[in-house]
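# Working through the structure, step by step
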Amino acid sequence: MKLKKFWDNVQRDFRLFIFILILLEIYRALFIWIMSDYIAEDSTAAQIQTALFEGLRLSLKTAGIVTAISFVFVTFLGLIPSVRVFIGAVASLIFSILFMARFPYYQEFNATFGIEVVRGLNDDIFSILSMIVQEYGLLWRLPLAIFLTLICIAIVSRFLMLKTLPLPDFKNSFTKFIFTAALLIFIGVFAVFVRFGGSLTYANGIHWENAAVTSDNFLNECILDDGQAMYRAYTMSKYMGAGIISGVDENKILESAQLISGKTDLIDDNLAPYLEKIASGARIEKPRHIFIILGETFMQWPLLGKYENLHISDGLKSLIAEKNCYYSRNFMPNGDFTSVAITGMITGLPEVNIHVNYQPKTYEQVYISAAAPPLRKLGYSVDFWYGGMPGWENISKMALAQDFSTFYGFPDLNAPKLTTWGAKDEDLFKAIEKKLDIEPPTVHFIMTTTNHPPYKLDLAAEGFDVEKILAEIKKMPNVPNAETLAVELGHYWYMDKVITEFIRRVSEKYPESLFIVTGDHAVRVDPSTHPTIFEHQSVPFVMYGAGIDKEILPPDVVGGHTSIVPTIIELIAPEGFKYYSIAPSLFESFGVAFNNDVFLTESTAGKIDSDAIEILPHVASADLKSVNLAEERANAEKVISAVRTVTSWIIKHDLNFDINQ
């Protein structure tokens, strides 16, 4: 009698497995069909079939997890059969909600669910929810997900209640034993087959790490069902918690320190001598005020010639055209998130998958590479200005713990909130200007907020013609939602305008000022469904002010966020001034810049953990033949490994080289 019940339950569990597997495959196919604009032009029908088949294999795992819950609680522990229906209903609800959320998520990040999900949990939840409602259609996507769930429940409940095959009529106990043994062996083998994604061995199986089997990034992301994509986000979060990132090798800390410093003759078990820099002497007169402006989503591609008809970056371009301005296109943000950019600027630490702003060490001691100490030593007050709330991501607490003089956030601006993220950029810069007359010589780190969803700015009132830019956007290839992009670029235009006007006003009143303008990240707004690596990741580097000219640095020098403060020090510090940094100034650039995912050299942009690499669009045609992609990657990987190893060591350990500490 027990075998009969077990046999019946096993068949119903298998039906639940089939239902979930088919549901995931249907959602995968629908997503590919609806989002077909994101498929690369050179992708073939065979590649789509490969994505569907490999996705089906990967979804065996997800369906297997759901089925395992039913097997344990209903088949093994003997709970009532309706529990199995409940499990199917809950799974249907989860996958339907994730299916609807996948569309705006992919449009935002050019990827299925990843580490951004976990990052969002550390954000202001109310702000995130407000953004999802206003920008990403929660109020219509959620009801549609519930409607899909109801259809699924109707199907799965009927499917699970259908009659099962009867237990064979055994003539003797031996035959029954053989059947039972065979059934258990089959279940075990089937479980292994499902666990490894359609294989009986790990080596031949499919996992989210090796699922990118086509040449099309979109199709590769579609191979991951939403369950596997969320598992990827969870795994990445674990990696971040443990500081796991490619290239870190603590057994090579000394070699890494020597490589990034160029000092091989030091016999010391402490990192400090390798990070010590000695300024070669001031190149410009010491500015009264220095402004380091991080523009929210200030991506570089609108400044490129191919997008000049959009006219959304004319302000910054007008500054770049002046003789007292330097501009590099070969510049990388510290990561894909605002918080990563800010933590890198404050601490001088490149991103190594560790939430520095949540490390106790950050609030107990000042990092040797921190930005504020050398600037204060040069006689400056060091202030941080942020248009949002000071408590967001512990930014205020971290800045003050890392020796900043003052932190100004939204409550200090005496301005209305534009969105849940903070005040208009215009109000932020007005508040800064009011302080300049009474401030001592000051370095102002400034983080803007307006160019961020939800996009609430009245663009018409600000003087931006949405219809005009919409007409230009519609001429661009592979733009899936021109209306949305027009609004996004309108907010970029506003940021560009406000920053430029601020620089011109302050320059007129305080001509001895120095301005650095860059972006916190580029990821979020792309010019097409198939942006280049360079377009998707790079941000501008603009240096403007008295004493600056276009020859002060090599053309298109390669650098990133953590090179900015060392560059300022080398501009203004007297000869012999000592300071510490991991990244060199732009006067001594490595020739390599990078963040979590991408590296940049003088000639190429490439992905760190894949083979993808491209030649930069501004490399002269005459120089193309001299670009060796393999050598560019090899050199970049060497630098990345050394910098990441030293950075990870500084965060996790004391400065000495005791491997056993």
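Now for a quick tour of the structure. Starting afresh in each chain, residues are numbered from 1 along the sequence in its written order. In keeping with the model being predicted, local features are shown solely for residues with a pLDDT of at least 70 and side-chain atom pairs are shown and tallied solely at 80 or more, while totals for entire chains, interfaces and linings include all residues. For the side-chain quantities, the full set of heavy atoms in the structure was used; hydrogens and water were omitted.

## A short note on the overall build of the chain
The secondary structure listing takes helices from DSSP runs of H or I that are at least 4 residues long and strands from runs of E that are at least 2 residues long, numbered from the N terminus. Secondary structure assignment for the chain yields 22 helices and 17 strands. In summary, the chain has a C-alpha radius of gyration of 28 Å against a globular reference of 26 Å for 661 residues, a match within 12%. Once the C-alpha set of the chain is aligned to its principal axes, its extents read approximately 100 × 65 × 55 Å. A simple rule labels every residue: compare its accessible area, found with a 1.4 Å probe on the protein chains alone, to the largest value its type can have, and call it buried under 20%, exposed over 50%, or partly exposed in between. A total of 661 residues make up the chain; the buried ones form 56% of that total. Contact between two residues is taken to exist if any of their heavy atoms lie within 4.5 Å; hydrogens are not considered. Of all intrachain contacts in the chain linking residues separated by at least 6 positions in sequence, the fraction that spans at least 24 positions is 78%. In this setup the radius of gyration rests on C-alpha atoms only. A globule is expected at 2.2 Å times the number of residues raised to 0.38.

## Looking at the sheet that holds strand β16 (residues 604–607)
By the convention used here, strands pair only if DSSP detects at least 2 bridges between them. Strand order in the open sheet formed by four strands is β14-β15-β16-β17, and the pairing between neighbours is antiparallel. Either end of the sheet is taken by a strand with one partner, and the two such strands are β14 (592–594) and β17 (613–615). On average, each strand axis in the sheet is inclined to that of its neighbour by 15 degrees, with strand direction left out of account. Here three bridges tie strand β15 (residues 598–601) to β16, and the two strands are oriented antiparallel to one another. The residue of β16 that forms the bridge with L600 is A605. As a rule, the C-alpha atoms of each element are fitted with a line to give its axis, helices using only the stretch in contact, and angles between N-to-C directions run from 0 to 180 degrees. Together, β14, β15, β16 and β17 form the strand contacts of helix α22 (residues 629–652), whose direction differs from that of β14 by roughly 65 degrees.

## Regarding the packing of helix α2 (residues 45–76) against helix α7 (residues 173–195)
For the pair α2 and α7, interaxial distance at closest approach is 7 Å and the crossing angle is 125 degrees. Classified by the interaxial angle, the pair formed by α2 and α7 is oblique. Residues L60, K61 and G64 of α2 form the contact with α7, whose own contacting residues are F193, V194 and R195. Tallied by class, the residues present in the contact of α2 with α7 amount to three nonpolar, one polar and two charged. Relative orientations are named as follows: roughly parallel for angles under 35 degrees, roughly antiparallel for angles over 145 degrees, roughly perpendicular for angles from 65 to 115 degrees, and oblique for any other angle. Nonpolar residues are Ala, Val, Leu, Ile, Met, Phe, Trp, Tyr, Cys and Pro. Charged residues are Asp, Glu, Lys and Arg, and all others, Gly as well, are polar.

## Observations concerning the pattern of salt bridges
Here a salt bridge means any side-chain nitrogen of Lys or Arg lying within 4 Å of a carboxyl oxygen belonging to Asp or Glu. Going through the model one piece at a time under the given rule, you end up with 22 salt bridges. The salt bridge involving E535 is made with K306; its shortest N-O contact spans 3.5 Å. Here the residue E535 occupies a position in helix α20 (residues 533–537), and K306 occupies one in the loop between β2 (289–295) and α12 (314–320), the gap between them amounting to 229 residues. Residue K306 is classed as exposed on the basis of its relative accessible area of 62%. The residue E637 makes a salt bridge to R633 at a minimum N-O spacing of 3.6 Å. With E637 and R633 both in helix α22 and four residues apart, the pair spans about one turn of that helix. The exposure class assigned to E637 is partly exposed, which follows from its relative accessible area of 38%. The class of R633 is buried, set by a relative accessible area of 13%. What emerges from the salt-bridge pattern is a single network uniting K424, E426, K430 and E462.

## A few points about a nonpolar patch on the surface
Residues qualify for a patch when their relative accessible area is over 30% and they have no salt bridge, like charges being joined within 9 Å and the nonpolar side chains of Val, Leu, Ile, Met, Phe, Trp and Tyr within 5 Å. Note on areas: Shrake-Rupley with a 1.4 Å probe; residue coverage comes only from the protein chains shown. Judged by side-chain polarity, I65, I69, V72, F73, F76, L77 and L79 come together as a nonpolar surface patch covering roughly 680 Å² of accessible area. With respect to the secondary-structure elements, F76 resides in helix α2. Residue class for F76 comes out exposed when judged on its relative accessible area of 65%.

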